[in-house]
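Architecture and fold: a report
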Amino acid sequence: MPPVTADKVMEKLVSLAKRRGFVFQSSEIYGGLGSVWDYGPLGVELKKNIKERWWRSMVHERDDIEGLDAAILMHPKVWEASGHVAGFTDPLVDCKQCKNRFRADDPRIKGTPGQPDAQCPVCGSKGTLTAPRQFNLMFKTFMGPVEEQAAVIYMRPETAQGIYVNYLNVLQSSRQKIPFGIAQVGKAFRNEITPGNFIFRTREFEQMEMQFFVKPGSETEWFEFWRGERMKWVEGLGIRSAKLRWHQHDKNELAHYAKDAYDIQYEFPFGWQEFEGIHNRTDFDLSNHQKHAGKKLDYLDPKTSERFIPYVVETSAGADRTTLVVLCDAYTEEEVRAEEGAEGGGDQRVVLKLKPSLAPLKAAVFPLVNKDGMPELAHRIHDDLRRHFNVFYDDGGSIGRRYRRQDEAGTPFGITIDGQSTQDQTVTVRDRDTLKQDRVATAKLVEYLTQKLAG
Ligand code: GAP
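The sections below set out a description of the structure shown in this document. Values in this document were obtained by computation on a predicted structure and should not be read as measured data.

Turning to the overall build of the protein chain, a few remarks are in order. If you tally the helices and strands in the protein chain, you get 13 helices and 23 strands. Counting only C-alpha atoms, the protein chain reaches 75 × 70 × 45 Å along its principal axes. Burial status across the protein chain gives 50% buried among its 455 residues. Here the analysis covers contacts within the protein chain between residues at least 6 apart in sequence; of these, 64% occur between residues at least 24 apart. Accessible area of the protein chain: about 21700 Å², with a carbon and sulfur share of 49%. Between the centroid of the 63 positive side chains of the protein chain and the centroid of its 65 negative side chains there is a distance of 2 Å.

What follows is the structure, given as structure tokens:
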């Protein structure tokens, strides 16, 4: 099969995601809501597996990180202190003719916005683009029954601030000592002006963030430590390392809070883009909260009796973007060779080669035909396995079609109950990637799958 061209891959992936129930456009029956997506039955499992893997490695497997689940709505002063009210902006221009709005650095704009030579990329009018104005990306809403300025609050644009404002609560209740971290997974919202590329840049998304509080002077060492740890974790998702690279922010790219920042980038079909960042946020956030809240946030080192505001090394990953990385990396179109057994040669298939431990469904159970005791045995096996794994029962259509559906879902194992099974209590287990089939005793199935799903 010829290689799939880059621009077609996203189209195919979006279509597979819908067909198999990974991701749907939000409010689709109303024509959709711009850059907001819903996760279907398989998508919710895949994203949950990624989030759980992150939580396990960041919280459960470490003694020095605590978990937190802070509210999305926070005191409006938080966003003044954090610099988001003043600094979380994009420069925008409006077309006075067609009323469209663009980022000032939109490469489609010809000429200088605000000047007579500037041309609108949508309606083509000249001289109708306004000079750039700063546009805040935070969503506003109102708290309480009155819609007035005093009641304005924001939907959090990052989860990190919930960690900073709870830093003392967690420190005191957990009896941690610096260096230690706080981890959180949760929704964030940004009124992005140029959203797109499916679930890559959306207006509502989930972050997996960890803030590591360290003694000033030790942040560079910890920054390097966390860079190493995070890349190891990403590679552990089964992502091809040739598709991963680091990108260090230059001065113009650094966020208002960061002194140094590295992105982990993936080569998406639409190019190299970030999906996780490691940031040296210094004492920027805690110092500002101390000032704005009028509450002391310094730390008393019990060993040296020194007082200091901790520095913060942040690891910030997008759960949706990481899900997109995993989907893009797993998406494969291939020809099934003749020697690969019963499935025949010259056949083409689409398969999501997800790491088995990330796959939404771990196995599918198929009675070869719906008679001769096969459905009864298949149901028994399904009931037994579902106590251990997320498994699926499918008796619809030819076995070949059932395999293909599960290939597209990324299900690593297909368990077929055939004529021999009712005689000797064995089944065939088909491997999604190699298409090899093992004959396994039903009594050994849980052990067999547990071993294959490890890692
Ligand atoms: N607390 C630091 C912070 O929020 P960021 O680089 O703005 O840093 C971190 O965001 C991660 O959050 C990104 O690497 C990306 O994975 C995810 N993210 C940010 N904006 C997003 C959006 N509009 N849609 C989907 N994911 C987004």
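An α-helix turns once per 3.6 residues; consequently, residues spaced three or four apart project the same way. In a regular helix each residue adds 1.5 Å, so 18 residues correspond to 26 Å; helix H7 (residues 219-236) covers 25 Å between its end C-alpha atoms and thus fits that length. All of the buried residues in H7 are Glu219, Trp222, Phe223, Trp226, Arg227, Arg230, Met231, Trp233 and Val234. Projected down its long axis, H7 shows its buried positions confined to an angular sector of 165 degrees, all on one face. Seen from the open side of H7, the exposed residues pointing more than 90 degrees away from its buried face are Glu221 and Lys232.

Let us now look at the sheet that holds strand S6 (residues 133-136). Spatially, S5-S4-S6 is the arrangement adopted by the three strands of the open sheet, whose pairing is antiparallel. A single partner strand is all that each edge strand has here, and the edge strands are strand S5 (101-103) and S6. In this sheet, adjacent strand axes meet at a mean angle of 50 degrees when their direction is disregarded. Bridging between strand S4 (residues 89-94) and S5 involves three bridges; their strand directions are antiparallel. Bridging from a neighbouring strand, Leu92 pairs with Arg103 of S5.

On to the nonpolar core. The nonpolar side chains of a soluble globular protein tend to be buried, and buried together. One finds Phe22, Trp226 and Leu324 to be the most contacted residues of the largest nonpolar core, which totals 57 residues. The biggest single contributor to this core is helix H9 (residues 319-330), with seven residues. If you look at the next biggest cluster of nonpolar residues, it comprises 21 residues, including Leu385, Tyr393, Val440 and Leu453.

Before going further, it helps to spend a moment on the site of the ligand. Taken together, 19 residues form the shell around the ligand, and within it Glu158, Thr202, Glu209, Glu274 and Glu314 come nearest. A distance of 2.8 Å separates a nitrogen atom of the ligand from a polar backbone atom of Thr202. Interatomic distance of 2.6 Å between a side-chain N/O atom of Glu274 and an oxygen atom of the ligand. In isolation the ligand exposes 550 Å². Once the protein is present, 93% of that is buried. Of all elements in the fold, only strand S10 (204-214), strand S13 (271-282) and strand S16 (311-318) reach the threshold of two or more residues within the shell around the ligand. It is S13 that contributes the most residues to the shell around the ligand, five residues altogether. Looking at the shell around the ligand residue by residue, the classes come out as four nonpolar, five polar and ten charged.

Put simply, helix H2 (residues 41-60) and H9 touch, their axes get as near as 10 Å, and they point 110 degrees apart. Accordingly, the angle class assigned to the pair H2 and H9 is roughly perpendicular. Viewed along their axes, H2 and H9 form a crossing whose handedness is right-handed. The segment H2 lies against H9, with Leu46, Lys47, Ile50 and Lys51 engaging Ala319, Asp320, Thr322, Thr323, Val326 and Leu327. Along the lines of polarity and charge, the residues of the contact of H2 with H9 split into five nonpolar, two polar and three charged.

Here we have seven strands laid out as an open sheet, ordered S3-S9-S10-S16-S13-S12-S11, and mixed in their pairing. Every interior strand has two partners, whereas the edge strands, strand S3 (65-68) and strand S11 (244-248), have only one. Across the sheet, the mean angle from the axis of one strand to that of its neighbour is 25 degrees, orientation sign disregarded. Of the strand pairs in this sheet, strand S9 (residues 180-189) and S10 are connected by ten bridges, and their pairing is antiparallel. Directly across from Phe180, in S10, lies its bridge partner Phe213. Relative to S13, H7 is tilted by about 150 degrees, and along the sheet it contacts S3, S10, S11, strand S12 (260-268), S13 and S16.

Considering all chains together, one arrives at 39 salt bridges under this definition. Glu204 is paired through a salt bridge with Lys187; the nearest N and O atoms lie 2.8 Å apart. Within this pair, whereas Glu204 is found in strand S10, its partner Lys187 is found in strand S9, the two being separated by 17 residues in sequence. Each of Glu334, Arg349, Lys353, Arg404, Asp407 and Arg430 takes part in one network of salt bridges that share partners.

With twelve residues, helix H10 (residues 374-385) should reach 16 Å at 1.5 Å per residue; the first-to-last C-alpha distance of 16 Å fits that figure. Taken as a whole, H10 has its buried residues at Met374, Pro375, Leu377, Ala378, Ile381, His382 and Leu385. Looking straight down H10, one finds that the buried residues subtend no more than 160 degrees of arc, so they occupy a single side. In this structure, the buried side of H10 is in contact with strand S19 (363-367), strand S20 (391-393), strand S21 (413-417), helix H12 (419-424), strand S22 (426-431) and helix H13 (445-453).

Conventions used here
- Residues numbered from 1 in each chain as written.
- Predicted model: local features only at pLDDT ≥ 70, side-chain atom pairs only at ≥ 80, totals over all residues.
- Heavy atoms only, no water.
- Helix = DSSP H or I, 4+ residues; strand = E, 2+ residues; numbered from the N terminus.
- Buried < 20%, exposed > 50% of the residue type's maximum accessible area, 1.4 Å probe, protein only.
- Contact = heavy atoms within 4.5 Å.
- Areas by Shrake-Rupley, 256 points an atom, 1.4 Å probe, with all protein chains shown as cover.
- Lys, Arg positive; Asp, Glu negative; His and termini not counted.
- Charge placed at Lys NZ, Arg CZ, Asp CG, Glu CD.
- Expected span 1.5 Å × (residues − 1).
- Arc of directions from axis to C-beta.
- Pairing = 2+ DSSP bridges.
- Axes fitted to C-alpha atoms, helices over the stretch in contact; angles between N-to-C directions.
- Core = buried A, V, L, I, M, F, W, Y, C linked by side-chain atoms within 4.5 Å.
- Near = heavy atom within 4 Å.
- Polar contact = N/O pair within 3.5 Å; in protein donor to acceptor, adjacent residues only side chain to side chain.
- Nonpolar A, V, L, I, M, F, W, Y, C, P; charged D, E, K, R; others polar.
- Parallel < 35°, antiparallel > 145°, perpendicular 65-115°, else oblique.
- Left-handed = near helix turned anticlockwise from the far one by under 90°.
- Salt bridge = Lys/Arg side-chain N within 4 Å of Asp/Glu carboxyl O.

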